[in-house]
Amino acid sequence: MKILGTVILFTVFTSNSALDFCYDEEYCNPYAWGDMFPSCHPIIDEHHSPINLDQHMTRNHTLEALNLVGFDTAQSGEWTLKNNGHSVVLEVGEGMKVDGGGLPAEYTTLQLHFHWGSNFTNGSEHTINGRRYPMEMHIVNMKSTYYPNLTAALDDPTGIAVLGVFIDVANVSNDSFDHLFSLVPAVAFKGRTVPVTPFPLNNLLPVNNLSQYYRYHGSLTTPPCSKAVVWTVYEVPVYISEEQLGEVTSGVFHSEEGDDRVAPLHNNFRHIHDTFGRQVYASKDATLLSAAALPVCNLLLCLIPLLGMGMS
Ligand SMILES: [Zn+2]
């Protein structure tokens, strides 16, 4: 059952080469996905992801921390890290589940993957007040009643629950990410896989701030862009070192080993979409709605018009 689910997942997330999507070529980049996958077209359906998260959201005092079942222990068996040409994906076993926190059902954890920019640019998918973080991790979960039938889950507006975690850069290395990122060289090229010894997924989460998050209904951020996702985007990032960030931004390729053209995988994030009136909720403990959470750059933007007035 687990193998079947994994096969279906990657059939959907990595289409065949004739229809393959990309991030860096004009004919197959995110703006062209709608030509290949009609459900990715922003005019045909408005409930796309990612979005910018700003003060235009509603506080929901019933949204408390989710139950992350099995995230605090090392699961048995073996996990797999894979380069699917679009990201680095960690396929996990069946032992972890997610519920509570306003989710309409229990979800089974399938995999996690990353979105990033380049050596010089940031690459999170969601933005906060216009700020793009260096990376974003997505933990993908499927409504347990459908497992392992991904097709059924993608037909359900709440069939998938994704946990989004921003990753920022600090001066110190994050040992928890070393376990995973040290294996990135083994999956540098598309199609490569490497076994991973399971570890507590909590190690990769902002464990002291799990009650602070944003919630909205949207889509997969990769084709077929199915409008099937209940998004939980954590407000507080986790931190890695600049060197650790570089291991991913410099060390992953969307070309296969031996290809004539060695193509680095950069900027594997989809552009921001309008909410089109969708409700975005702040959890009970989220702080974005307070003025103190506004980034400093907003103050600078306020100063620019004043400086302009002084010069005229
Ligand atoms: Zn993703």
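This structure is a prediction, so every number in the text was calculated from the model and none was measured.

Peer 1: Help me understand the overall build of the protein chain, please; the structure alone is not making it clear to me.
Peer 2: The secondary structure content of the protein chain amounts to six helices and 16 strands. Counting across all 312 residues of the protein chain, residues that qualify as buried make up 39%. For the protein chain, restricting intrachain contacts to residue pairs at least 6 apart in sequence, the fraction spanning at least 24 positions comes to 74%.

Peer 1: Explain the sheet that holds strand β1 (residues 52-53) here, please?
Peer 2: Either a parallel or an antiparallel arrangement is found when strands of a sheet pair, and the pairing is made through backbone hydrogen bonds. Spatially, three strands are ordered β1-β8-β9 in an open sheet, and the strand pairing comes out mixed. This sheet does not close on itself; its edge strands, each paired only once, are β1 and β9 (131-132). With two bridges joining them, strand β8 (residues 127-128) and β9 adopt antiparallel strand pairing. Note that in β9 the partner of Thr127 across the bridge is Arg132.

Peer 1: Where do I start with helix α5 (residues 242-249) in this structure?
Peer 2: The set of residues buried in α5 consists of Gln244, Leu245, Val248 and Thr249. Each buried residue of α5 lies within a common arc of 135° when the element is viewed along its axis, so the set occupies one face. Looking at the buried positions of α5, the neighbouring elements they touch are β5 (88-91), β7 (107-116), β10 (135-143), β11 (160-170), α4 (175-181) and β15 (238-241).

Peer 1: Sorry, what's going on with the nonpolar core here?
Peer 2: Nonpolar side chains tend toward joint burial in soluble globular proteins. Counting residues in hydrophobic clusters, the biggest one holds 68 residues, and the most contacted among them are Met137, Met142, Ile160, Val162, Val165, Ile167 and Tyr214. The dominant element in this core, judged by the number of residues it contributes, is β11, at seven residues. Excluding its chain neighbours within four sequence positions, the residues that come into contact with Tyr214 are Leu53, Met57, Val233, Glu235, Val280, Tyr281, Ala282 and Ala286.

Peer 1: Explanation requested: the environment of Asn122 in the structure shown.
Peer 2: Secondary-structure assignment places Asn122 in the loop between β7 and β8. Expressed as a C-alpha distance, the spacing of Asn122 and Tyr133, which sit 11 residues apart in the sequence, is 5.6 Å. Setting aside residues no more than four positions away along its own chain, Asn122 makes contact with Gly117, Arg132, Tyr133 and Pro134.

Peer 1: What am I meant to see in unusual backbone geometry here?
Peer 2: Glycine aside, a negative phi is what most residues show, and trans is what most peptide bonds show. With an omega of 5°, the peptide bond running from Ser49 to Pro50 counts as cis. Among the structural elements, Pro50 can be located in the loop between α2 (33-36) and β1. Backbone geometry places Phe276, a non-glycine residue, at a positive phi of 45°. In this structure Phe276 comes out as exposed when scored by C-beta crowding, with 11 C-beta atoms within 10 Å.

What counts as what
Residues numbered from 1 in each chain as written. Predicted model: local features only at pLDDT ≥ 70, side-chain atom pairs only at ≥ 80, totals over all residues. Helix = DSSP H or I, 4+ residues; strand = E, 2+ residues; numbered from the N terminus. Buried ≥ 20, exposed ≤ 12 C-beta atoms within 10 Å, placed from the backbone. Contact = placed C-beta atoms within 7 Å. Pairing = 2+ DSSP bridges. Arc of directions from axis to C-beta. Core = buried A, V, L, I, M, F, W, Y, C linked by C-beta atoms within 7 Å.

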